[in-house]
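# Structural characterization, general
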Amino acid sequence: MVEDVLKLAKESGAKMVDYRFIDMPGMWQHFSAHIGTLDEDTFEEGVGFDGSSIRGFQSIDQSDMLLIPDPTTAFIDPFMKIPTLVLICDIKDPVTLELYDRDPRHVAIKAEQYMKSTGIGDVAYFGPEAEFFVFDDVRYSGSENHAFYEVDSCEAAWNTGANEDPNLGHKNRYKEGYFPVPPNDTLQDVRSEMMLAMLECGVECEVHHHEVASAGQCEIDIRFDTLVTTADKLMKYKYIVKNVARKHGKTATFMP
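For the structure given in this document, a descriptive report is provided here.

Our next topic: the sheet that holds strand 11 (residues 205–210). Spatial ordering of the open sheet is given by 11-12-8-14, a layout of 4 strands whose pairing is antiparallel. If you trace the sheet from one side to the other, it starts and ends with strand 11 and strand 14 (251–254), each paired once. Direction aside, neighbouring strands of the sheet carry axes that sit 25 degrees apart on average. Sheet contacts for helix 4 (residues 188–200): strand 8 (131–135), strand 11 and strand 12 (217–222); angle to strand 11, the most-contacted strand, approximately 160 degrees. Strand contacts of helix 5 (residues 227–247): strand 8, strand 12 and strand 14, with the helix running at about 150 degrees to strand 14, the strand carrying the most contacts.

So this is what it looks like as structure tokens:
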């Protein structure tokens with residue numbers, strides 16, 4: 001498996017390797033190194049990093065930590081101009097070499113192991129339905145004397161009277177965004193681009209469509225898999241959705 005990763009790096013022309021891990025609130029974190037530093041030993045010895053500035057991780061006097069790349073997670077980042085190999089990592093204590101108990105990925109690994117140990121089952125499958133909004137504008141602010149938020153979408157019902165030079169209509173009425181074809185559905189190509197990028201990164205998809213809400217609510221269904229694998233895929237999913245949206249001058253936010 002490690003040999004396959006090194007082969008992928010060579011054949012893709014990767015010049016950088018990006019190490020990714022998950023913090024406690026669930027956000028992907030990363031740092032990069034030159035591809036020449038990646039070899040077979042990296043997958044055993046890991047790569048050191050400072051964990052003291054990661055939310056909920058280590059104190060400054062215990063900041064040294066190790067990232068251990070999982071070779072089964074390798075993919076080429078579809079957005080970087082510089083060809084970049086991505087590896088999702090587990091976290092270890094550099095002294096005890098034990099997996100870090102505050103690493104969400106390790107929690108998922110332990111959950112799968114516990115299920116097997118109880119004899120309840122050998123495998124559990126998860127198929128999340130990750131819905132999100134694609135907005136054209138998001139503004140918010142809060143200070144000593146004011147607070148506000150505002151979102152906008154060109155296809156939203158509240159823009160029927162907006163001056164859009166020209167306004168061509170076909171806005172989705174409230175709760176009528178489910179399955180209309182373009183021009184009501186303004187995001188067909190955007191979602192298709194997201195799906196194709198997911199497939200390229202190893203996230204198996206089933207369908208995509210506009211969702212019920214007026215202002216750019218979308219859904220892309222990914223195929224079920226085991227807990228850790230699905231969690232990794234969902235991080236790819238969110239990363240891809242946000243980057244594709246940004247590429248088109250839009251922004252994406254996920255349902256809580």
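Close approach of charged atoms allows side chains with opposite charge to pair. Throughout the structure, instances matching the rule amount to 16 salt bridges. A salt bridge links arginine 20 to aspartate 77, with the nearest nitrogen and oxygen atoms 2.7 Å apart. Highlighted residues: arginine 20 in strand 1 (residues 16–22) and aspartate 77 in the loop between strand 5 (75–76) and strand 6 (84–92), separated in sequence by 57 residues. Across the pair, aspartate 77 and arginine 20 agree in class, each one buried. Ionic pairing is found between glutamate 164 and lysine 171, a salt bridge with its closest N-O pair at 2.9 Å. Taking the relative accessible area as the measure of exposure, lysine 171 reaches 13% and is therefore buried. Connected through salt bridges with shared partners, the residues Asp70, Asp90, Arg105 and Asp232 form a single ionic network.

This part covers the packing of helix 3 (residues 104–118) against helix 5. For the pair helix 3 and helix 5, the least separation of the axes is 9 Å and the interaxial angle reads 155 degrees. Taken together, the axis directions place helix 3 and helix 5 in an arrangement best described as roughly antiparallel. Together, Arg105, Ala108, Ile109, Ala111 and Glu112 of helix 3 and Leu227, Val228 and Asp232 of helix 5 make up the contact between the two elements.

Here we take up helix 3. Relative to the 21 Å expected for 15 residues at 1.5 Å per residue, helix 3 spans 21 Å between its end C-alpha atoms, a close match to the ideal helical length. Buried within helix 3 are the following residues: Arg105, His106, Ala108, Ile109, Glu112 and Met115. Positive backbone phi, at 80 degrees, marks glycine 119, one or two positions downstream of helix 3.

Within the largest apolar cluster, 29 residues are counted, with the highest numbers of intra-cluster contacts made by Phe132, Met194, Met198, Ile220, Tyr237 and Val241. The element best represented in this core is helix 5, accounting for 7 residues. Setting aside residues no more than four positions away along its own chain, methionine 198 makes contact with Val203, Cys205, Ile220, Tyr237, Ile240 and Val241. Of all hydrophobic cores here, the second largest spans 22 residues; its members include Leu38, Met65, Leu87 and Ile91.

Below, the discussion takes up a negative patch on the surface. Residues Glu3, Asp4, Asp39, Glu40, Asp41, Glu44 and Glu45 make up a contiguous surface patch of negative charge. Among the elements of the structure, helix 1 (2–12) and helix 2 (42–45) are those that each provide at least two residues to the negative patch. Within the secondary structure, aspartate 41 is located in the loop between strand 2 (28–34) and helix 2. Look at aspartate 41 and you get partly exposed, because its relative accessible area is 44%.

Criteria and cut-off values
Residues numbered from 1 in each chain as written. Predicted model: local features only at pLDDT ≥ 70, side-chain atom pairs only at ≥ 80, totals over all residues. Heavy atoms only, no water. Pairing = 2+ DSSP bridges. Helix = DSSP H or I, 4+ residues; strand = E, 2+ residues; numbered from the N terminus. Axes fitted to C-alpha atoms, helices over the stretch in contact; angles between N-to-C directions. Contact = heavy atoms within 4.5 Å. Salt bridge = Lys/Arg side-chain N within 4 Å of Asp/Glu carboxyl O. Buried < 20%, exposed > 50% of the residue type's maximum accessible area, 1.4 Å probe, protein only. Parallel < 35°, antiparallel > 145°, perpendicular 65-115°, else oblique. Expected span 1.5 Å × (residues − 1). Core = buried A, V, L, I, M, F, W, Y, C linked by side-chain atoms within 4.5 Å. Patch = residues over 30% accessible without salt bridge, like charges linked within 9 Å, V, L, I, M, F, W, Y side chains within 5 Å. Areas by Shrake-Rupley, 256 points an atom, 1.4 Å probe, with all protein chains shown as cover. Lys, Arg positive; Asp, Glu negative; His and termini not counted. Charge placed at Lys NZ, Arg CZ, Asp CG, Glu CD.

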